[in-house]
Amino acid sequence: MTYLWLIPVFTLIGVVLNGLLGKKFGDKFVSWVGPGAVGLSFLISCIFLFKLVFDSPTGDSYIQKLFVWIAAGNLVVEAGLILDHLSVVMIMVVTGVGFVIHVYSVGYMHKDPGYARYFTYLNLFIFSMLILVMADSFLLMFVGWEGVGLCSYLLIGFWYEDKKNADAGKKAFIVNRIGDFGFLIGLFFIFIEFASLDFESVFSMASSRQIGDPVIVAITLLLFIGAVGKSAQIPLYVWLPDAMQGPTPVSALIHAATMVTAGVYMIVRCHVLYLLAPLTMSIVAVVGVVTAVYSASIGTVQNDIKRVLAYSTISQIGYMFLAVGVGAFTAGMFHLMTHAFFKGLLFLGAGSVIHSLSGEMDMRFMGGLKKYIPITFWTFLIAVLAITGIPGFSGFFSKDEILWNAFDKGNPILWVIGVFTAGLTAFYMFRLFYLTFLGESRFQSEKELHIHESPKIMTIPLIILGFFSLFGGYIGVSHSLGGENHFKKFMEPVFRNSEIIANSTSNAENSLGLEYLLMIISIIIVLIVLIIVHQIYLKRPDIASTLAKRFSLAYRVLLNKYYIDEIYHTFIVNPFIKISDIFWKIFDVKIVDGAVNGTANVIQSAGDKLRKVQTGYVQEYALSLILGAVIIIGYFIFR
Amino acid sequence: MDYSIPTINLSVIGPEIIILLTAVSVLIIGLFPNYRRWSISIVFIGIIFAFYDIYYLWNLNQVGFDGMVLADNFALLFDIIFLIGTLLTLLLSGNFINQYIRGTGEYLSLILFATLGMMLMASTNDLIVIFLGLETLSISLYILAAFRRSREDSLEAGLKYFLLGAFTTGFLLYGIALIYGSTGTTNIYSILNFLKDGSVEIGILFYIGMILIIVGFGFKAAFVPFHMWVPDVYEGSATPVTAFMSAGVKAASFAVFLRLFITGFSPIISQITGILAVLAILTMTVGNVIAIVQTNIKRMLAYSSIAHAGYILVALTALSRNIESEFSAASIMYYILVYTFMNIGAFGVVIYMEKSEEEVLKISDYAGLGFKKPFAAICMTLFMFSLAGIPPTAGFMGKLYIFSSAVESELYGLAVIGVLNAVIAVYYYLRVVIFMYMKEAVLDFSYLSARPVMALSLSISVGGIIYLGIFPQSLINLLTNIL
């Protein structure tokens, strides 16, 4: 396993080639290098996956130390990569889904003036993400963590000529900084406490601690703040809807499939710490489930197709946090994987819709697209069925496992909210589907002339992701459904040292029958919602507006996203700006600028004066020499 | 008295001999115009042989000439630094050689003689040989500075350098004489034994001798207030010569300082920590402050090189306080190597930009370069970042090591002043970058053509600062081990 570095290295080569030569060699070169680099990474990852499955019966992990990165005093950080049953799942998702989306981008970004720049950023993103998931120390993980944040910022504001896009990029970056700050403080705590940042040594030292050790609780909470920022959970979720200003494949890759799930991965990676902090665990679960229901409710009334999907992403990640919060790490990772498939597909499908309508994103001006873009329609349907949890589709298995674990290991209330969220999810997804593909077309007829199915390079990725959205769940069919749950077995080695998990597998009194009952309840709710949506949006479109009028207050609150952006603006951003303004006018302009300019002036004039000493007369130079020597000797003698 | 012929071990000065032979050959070949074009290839072959010989001598720790000359890893490492500097300079000299085609032989052999002098300074154990090396180096440089003899400023540079150099040679020789007078030897190990012995009281004359030696080399390494020659000479010399001087002479002087401090003067060196600290503060601050107001890029780099001597002096101060600290010594050597790459690199871009001599040297002339000549501009940006100490370049790691060695020796005030100075320096380094990328071009850069050899030199320098910036540890380990 000395070749682990091969996995990320190709994407880095892609960055260099496209970044330096992309403009010179043209779009064709870029189209081969960009997706090609990720494709190679994917192939190599497959080889490592097979090696891990077949060569490692005991489920050992492989760690490759690359080099001593920093050694200063007692801080020694080795840069190393880790390949275990946890990181390999992320690697496969990142390179696999990443590759598909790269290919799709070739069609989507066709003829964009920033084509080479786009693929440079995208490859850099894959590289940073691979560093994040393969890092074997907190510090290297943080490098990847910041790297993906940077790429996200660059890609959200990709079309930076429009101020809105640039602002969205800035918003994402600033909100993420708040989270990253927590993460960083967490790292400081870890280093102070364990004198190391290496996963292996930190976890082995931590596992001897008492459950509920306040230091561990503090560390896990701080790390969780980082996860909240990166994974867009309450209260730091506000950047993700705005991040939809970026190109759609970017939304699919970064803001749905991979980067935003990094927080979940981080918690699973640090499960040793989190299991020692029950308080943090319950906070994680509560934040997750509240985020899930909250953003799902916003999703029900949004009109922008990508914004609905953005709120849906926040909500689904909430599910994942719910899962890891109750200790069902495998379920969380399983949902992370299936979500990457179907949410990536949803975004790419939405991209195809937008592409076919020449940039229209408002669902009120769509409708009846089924006959124009059949491939997008069918693949999108699969994704909708997967996310709503229709039995047989991938999302069903993973979501069901989360809900069951919430009930079994957590609290029935968590389950109730989770199922309610599932109903909301079904509502907004079917609503989106009906508004977009079914019913009458509501777009202006002149646009009709341009409506066309996307080229093959975009539809084939849709079909691939459709395949996985449909069948990807079968590797994790739970025992109660007569499956083997290969996924859980695969992940077991990661958690084998955590006895606590073993102890809390299942409450004995929760029988199989109860599990079936809960499952059937959630399926029935989804089906009822489907019928309602069918009635409202296909048969009686007037009902929707009637409802909106009758419950106008609730409708407006939801449409305006609970006014959270406004609240943040009024209570945080504006006071901040005002205070900054005061500081700027008094402190900055008068004191700091005064001091800086004053210093600069003093230094400048000092420089000017000192320069005059440089007369050019060699006699004076010799004099300064001799004076210097005399002063030093004099000081030495008479001190 | 009974004299015996000292044991001579010629293989100790193998690299020096190779460089000497190469220098003599190109000097002779220069007499035959038909064969002149071969001389540069001969130089490169000679340098490659010298590298090979260093590789051969590595770890052998040979001693020769009755203990006067030694080829320990310390000396060999400095030989490598000098040769890298020479190589990079020669790669940048193509244009200059073409302009002074008749002087090819002299130019190349003088550069090599200077290199030879530096190598001697690093690989000796005796004050007399150090002096010999220094004079070989200096005299070559006096001529090189005045090499463009049709230009007034070049002649002025050479003459000023010569007068002041000769003047300080007096200080240095007097210092050596005083030390010989009080200890009866010029051998550094014997001085060490004398100091350790303690049976004879160490007189004030010894200390004065030591200070005079520091003044002598402080002049070469451009410590304030012995720095006055630097801007005039750097500006007046041809730019490749300036690049060569800025890196090599400094490296050689610090090699001598390290050798003297770590061995010869080590028992009493902590007594001059205060003086060194004051010199360090003066050197950093004066260099940086005057660099800010410069508009000519060569002068700016001249003052910046003074400031960098100050940074290295910080680590030297730390070393004098805590002479056992291998880390301080390693940080000095690391910084010198990094400085060789980044400073010659920066001068390389200046050489590339020079239209004919002494044109296009204003910082404002670099406006818009980033869009017209992206490769040169990106190289310059990296060199400026490295000189300013911005990660991930090696300049950052170098400053980090230097300031942490000051902290390690509990010289907190000095470290703080050093960091503040680094902040001042960012201003004038980044100004170049701002001109390159954020201002409209005023010059038409069409006179610039691609120069593959120059690009090679710049690429080596860029590679050096990036590699050492990201993977500094292996080199630091090596440096700590050779002490």
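Residues numbered from 1 in each chain as written. Chains lettered and ligands numbered in written order. Predicted model: local features only at pLDDT ≥ 70, side-chain atom pairs only at ≥ 80, totals over all residues. Heavy atoms only, no water.

S.K.: What is the right way to look at the overall build of chain A in this model?
M.R.: Each helix and strand in chain A was counted, giving 26 helices and two strands. Over its C-alpha trace chain A gives a radius of gyration of 28 Å, about what one expects of a compact globule, namely 26 Å for 639 residues. In terms of overall dimensions, chain A has C-alpha extents of about 100 × 65 × 50 Å along its principal axes. The long-range fraction of contacts in chain A, counting pairs at least 24 apart against all pairs at least 6 apart in sequence, stands at 80%. A total accessible area of about 26,600 Å² is found for chain A, and carbon and sulfur atoms account for 69% of it. (Helix = DSSP H or I, 4+ residues; strand = E, 2+ residues; numbered from the N terminus. Rg over C-alpha atoms; globule rule 2.2 N^0.38 Å. Contact = heavy atoms within 4.5 Å. Areas by Shrake-Rupley, 256 points an atom, 1.4 Å probe, with all protein chains shown as cover.)

S.K.: Looking at this structure, how should I read the overall build of chain B?
M.R.: Scanning chain B for helices and strands turns up 20 helices and two strands. On C-alpha atoms alone, chain B measures out to a radius of gyration of 22 Å, which is about the 23 Å that the 2.2 N^0.38 rule sets for 483 residues. Its C-alpha atoms give chain B principal-axis dimensions of roughly 70 × 55 × 40 Å. By residue count, 63% of the 483 residues in chain B fall in the buried class. (Buried < 20%, exposed > 50% of the residue type's maximum accessible area, 1.4 Å probe, protein only.)

S.K.: Looking at this structure, I do not really get empty space enclosed by the protein. What am I missing?
M.R.: In this approach a probe as big as a water molecule rolls over the atoms, and the regions it shows empty are the leftover space. Residue and element names in this part refer to chain A. This structure, assessed with the given rule, holds eight cavities of 30 Å³ or more. In this structure, the second largest cavity spans a volume of roughly 80 Å³. Lining the second largest cavity we find T388, G389, F396, K399, D400, L403, A422, S522, I523 and V526. For the lining of the second largest cavity, the secondary-structure elements that each account for two or more residues are helix 16 (394-410) and helix 22 (512-539). Class assignment for the residues of the lining of the second largest cavity results in five nonpolar, three polar and two charged. (1 Å grid on protein atoms, 1.4 Å probe; cavity = no way out; pocket = protein on both sides within 12 Å on 5 of 7 lines; lining within 4 Å. Points joined across faces, edges and corners; volume = space filled by probe spheres on them. Nonpolar A, V, L, I, M, F, W, Y, C, P; charged D, E, K, R; others polar.)

S.K.: Just to check I follow, could you spell out the interface of chain B and chain A for this structure?
M.R.: A common measure of how large an interface is: the accessible area buried when the components associate. In this complex, chain B contributes 37 residues to the contact, which on the side of chain A involves 29 residues. Between chain B and chain A, roughly 2,900 Å² of surface is buried when both sides are summed, and carbon and sulfur atoms account for 77% of that area. Ranking the residues of chain B by area buried against chain A places M228(B), V293(B) and Q473(B) at the top, with a combined share of 20%. Our count for the contact surface shared by chain B and chain A stands at zero salt bridges. (Buried area = accessible area lost by both parts, 1.4 Å probe. Salt bridge = Lys/Arg side-chain N within 4 Å of Asp/Glu carboxyl O.)

S.K.: How should the environment of A232(A) be read in this particular structure?
M.R.: All names here are of chain A. As for its position among the elements, A232 is in the loop between helix 7 (214-230) and helix 8 (239-242). With a relative accessible area of 0%, A232 lands in the buried category. Between the C-alpha atoms of A232 and V260, which are 28 residues apart in sequence, the distance is 6.9 Å. Setting aside its immediate chain neighbours within four residues, A232 contacts A227, Y237, W239, L240, T291 and I314.

S.K.: Explain the domain arrangement of chain A to me, please; I cannot follow it from the model alone.
M.R.: Residues and elements named next belong to chain A. Each domain of chain A was delimited in the assignment, giving domain 1 (1-168 + 237-263), domain 2 (277-559) and domain 3 (567-638). Look at where the C-alpha atoms of domain 1 and domain 2 centre, and you get two points 25 Å apart. In this complex, domain 1 contributes 37 residues to the contact, which on the side of domain 2 involves 36 residues. Each partner contributes to the roughly 3,100 Å² buried at the junction of domain 1 and domain 2, and carbon and sulfur atoms together form 78% of this total. (Domains from an automatic or database assignment.)

S.K.: I keep staring at helix 11 (residues 239-264) of chain B and nothing clicks. Help me out?
M.R.: It helps to recall that an α-helix has 3.6 residues per turn; residues three or four apart then point in one direction. If you check helix 11 of chain B, its first and last C-alpha atoms are 36 Å apart, about what 26 residues at 1.5 Å a residue would give, namely 38 Å. When the local axis directions of helix 11 of chain B are compared, the greatest deviation, roughly 25°, occurs at M245(B). (Expected span 1.5 Å × (residues − 1). Bend = angle between axes of the 7 residues up to and from the residue.)

S.K.: Help me understand the confidence of the model for chain A in this model?
M.R.: Close inspection of predicted coordinates is inappropriate for parts of the model with low pLDDT. Across chain A, the average pLDDT comes to 82, with 92% of residues at or above 70. Confidence, read as mean pLDDT per element, is least for helix 21 (residues 499-503) of chain A in chain A (50) and greatest for helix 10 (residues 262-269) of chain A (91). (pLDDT = per-residue confidence, 0-100.)

S.K.: Explanation requested: the side chain of E354(B) in the structure shown.
M.R.: Residue and element names in this part refer to chain B. Assignment of secondary structure puts E354 in the loop between helix 14 (326-353) and helix 15 (369-372). No salt bridge is formed by the buried E354; its nearest oppositely charged neighbour, K298, is found at 4.7 Å. One polar contact links E354 to T239, side chain to side chain, over a distance of 3.0 Å. Residues contacting E354, with those up to four places away along its chain left out, are T239, E359, L361 and Y447. (Lys, Arg positive; Asp, Glu negative; His and termini not counted. Polar contact = N/O pair within 3.5 Å; in protein donor to acceptor, adjacent residues only side chain to side chain.)

S.K.: Any chance you could explain the nonpolar core here in plain terms?
M.R.: Generally speaking, soluble globular proteins have nonpolar side chains that are buried together. Ranked by size, the top nonpolar core spans 198 residues in total, and within it F78(B), Y107(B), I297(B) and Y334(B) carry the most contacts. In terms of residue count, helix 14 of chain B provides more of this core than any other element does, 20 residues in total. Not counting the four nearest positions on each side in its chain, Y107(B) is found in contact with L90(B), S93(B), F96(B), I97(B), L144(B), F147(B), P240(B) and V241(B). With 178 residues, the next largest nonpolar core counts Y104(A), F183(A), L275(A) and F443(A) among its residues. (Core = buried A, V, L, I, M, F, W, Y, C linked by side-chain atoms within 4.5 Å.)

S.K.: What am I meant to see in the side chain of T388(A) here?
M.R.: Residue and element names in this part refer to chain A. Inspection of the secondary structure puts T388 in helix 15 (residues 374-388). Looking at T388, the relative accessible area reads 1%, which means it is buried. For T388, the side chain forms a polar contact with the main-chain oxygen of L385, separated by 3.2 Å. Other than its neighbours up to four places away in sequence, T388 contacts K399, T425, A426, M429, F430 and V526.

S.K.: In this structure, what is going on with the packing of aromatic side chains? I would like to understand it.
M.R.: The relation between two aromatic rings is expressed through the spacing of the ring centres and the mutual angle of the planes. Residues and elements named next belong to chain B. In the structure shown here, the tally under the stated rule is 56 aromatic pairs over all chains. A ring pair is formed by Y107 and F147, whose centres lie 5.8 Å apart and whose planes are at 65°; its orientation type is edge-to-face. Remark: F147 occurs in the loop between helix 6 (127-145) and helix 7 (152-183) and Y107 occurs in helix 5 (residues 104-122); sequence separation between them is 40 residues. Here the aromatic rings of F206 and F265 are separated by 5.9 Å at their centres, their planes lie at 85°, and the arrangement is edge-to-face. (Phe/Tyr/Trp six-rings, centres within 6.5 Å; stacked < 30°, edge-to-face > 60°.)

S.K.: Sorry if this is basic, but what is going on with unusual backbone geometry here?
M.R.: Peptide bonds are, in most cases, trans, and in most cases residues other than glycine have a negative phi. Of note, the bond from I234(A) into P235(A) is cis; its omega dihedral lies within 30 degrees of zero at 5°. Among the secondary structure elements, P235(A) is positioned in the loop between helix 7 and helix 8. Geometrically, the link from V224(B) to P225(B) is a cis peptide bond, its omega value of 10° lying close to zero. Relative to the elements of secondary structure, P225(B) occurs in the loop between helix 9 (204-220) and helix 10 (229-236).

S.K.: What's the story with the pattern of salt bridges in this structure? I'm lost.
M.R.: Oppositely charged side chains can pair when the atoms bearing their charge come close. Residues and elements named next belong to chain A. Overall, the coordinates contain 15 salt bridges over all chains when judged by the stated rule. Ionic pairing is found between R177 and E146, a salt bridge with its closest N-O pair at 3.2 Å. Within this pair, whereas R177 is found in helix 5 (residues 163-194), its partner E146 is found in helix 4 (residues 138-156), the two being separated by 31 residues in sequence. For R177, a relative accessible area of 35% gives the class partly exposed.

S.K.: For this particular structure, what's the right way to read helix 22 of chain A?
M.R.: In a regular helix each residue adds 1.5 Å, so 28 residues correspond to 40 Å; helix 22 of chain A covers 40 Å between its end C-alpha atoms and thus fits that length. E515(A), L518(A), M519(A), S522(A), I523(A), V526(A), V529(A), V533(A), I536(A) and Y537(A) are the residues of helix 22 of chain A that are buried.

S.K.: In this structure, what is going on with the packing of helix 2 (residues 39-57) of chain B against helix 5 of chain B? I would like to understand it.
M.R.: Residues and elements named next belong to chain B. Packing of helix 2 against helix 5 brings their axes to within 10 Å, and their N-to-C directions diverge by 15°. Taken together, the axes of helix 2 and helix 5 lie roughly parallel to each other. For the element pair helix 2 and helix 5, the recorded crossing hand is right-handed. Residues S39, I40 and V43 of helix 2 form the contact with helix 5, whose own contacting residues are T104, L108 and L112. Tallied by class, the residues present in the contact of helix 2 with helix 5 amount to four nonpolar, two polar and no charged. (Axes fitted to C-alpha atoms, helices over the stretch in contact; angles between N-to-C directions. Parallel < 35°, antiparallel > 145°, perpendicular 65-115°, else oblique. Left-handed = near helix turned anticlockwise from the far one by under 90°.)

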